[in-house]
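# Structural overview
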Amino acid sequence: MYQKYKNVETVKPGGLELKDRLVGVQRVTKVTKGGRAFGFSAIVVVGDENGVVGHGLGKSKEVATAIAKAIEDAKKNLVRIPLNKGTLPHEQKGKYGGARVYIQPASHGTGVIAGGAVRAVLEAVGVHDVLSKSQGSSNPHNVVKATFDALLQLRSADAVAKQRGVSLEKVFKG
């Protein structure tokens, strides 16, 4: 699922205390010759609030089953995100479909300044101080995936130093 990203560390759900957050439930209608058939789709974000997060989609005739399926799907797509003292290592833009998301680290005490789907993802990751802006489409599915796009592009200072083959001091001082 995350093949296009470099240095993505996938995580197994065993031994993690995951908390799930419901991002949205949509009622879907299919018109048949016998009338309307209603179904539900749910998008859920799970995370341990310590850098591990995943998202999933579940579809069913009942809301509860759709949510349960979404949680199971989310647990299959867990990834580790680099964090730096409760915030992000650097600013980043993410894009998926028509949704664009911008996330920026903030100083201690700022809180999570984000709306809807972006807030759910950032809180599940365990970010405490961040500024964000969601632009373009407000479709929760695309906003969640755009937020994941931004988070998966984040790199810690250690990873940057290792990739460049220089010391950590040289990364910051040039």
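As a convention, each chain's residues are numbered from 1 in the sequence order in which they are written. Thresholds applied to this predicted model are a pLDDT of at least 70 for local features of residues and 80 or more for the giving and counting of side-chain atom pairs; totals over whole chains, interfaces and linings are not thresholded and use all residues. Excluded from the side-chain calculation are hydrogens and water; included are all heavy atoms of the structure.

Naming follows an unreviewed UniProt entry, where the chain appears as Small ribosomal subunit protein uS5 of Flagellimonas nanhaiensis. What UniProt records for the chain under Subunit (unreviewed entry) is the sentence "Part of the 30S ribosomal subunit. Contacts proteins S4 and S8." UniProt positions are given in the numbering used here, feature names are shortened, and annotations may be inferred rather than shown by experiment.

## With respect to the sheet that holds strand 1 (residues 9-10)
The antiparallel open sheet is built from five strands, whose spatial order is 1-5-4-3-2. Pairing within the sheet leaves two strands with one partner each, and these edge strands are strand 1 and strand 2 (19-32). In this analysis, strands are considered paired if DSSP registers two or more bridges between them. The helix count covers DSSP runs of H or I at least four residues long, the strand count covers runs of E at least two residues long, and both are numbered beginning at the N terminus. In this sheet, strand 3 (residues 35-47) lies alongside strand 2 in antiparallel orientation, the contact comprising 13 bridges. Bridged to Leu22 within strand 3 is Val44. Of the strands in this sheet, strand 2, strand 3, strand 4 (52-60) and strand 5 (79-80) touch helix 3 (residues 140-152), which is tilted by about 160° from strand 4. Throughout, a contact is declared for two residues whenever any of their heavy atoms are within 4.5 Å. A fitted line through C-alpha atoms represents every axis, and for helices the fit uses only the stretch in contact; the resulting angles, taken between N-to-C directions, go from 0 to 180 degrees.

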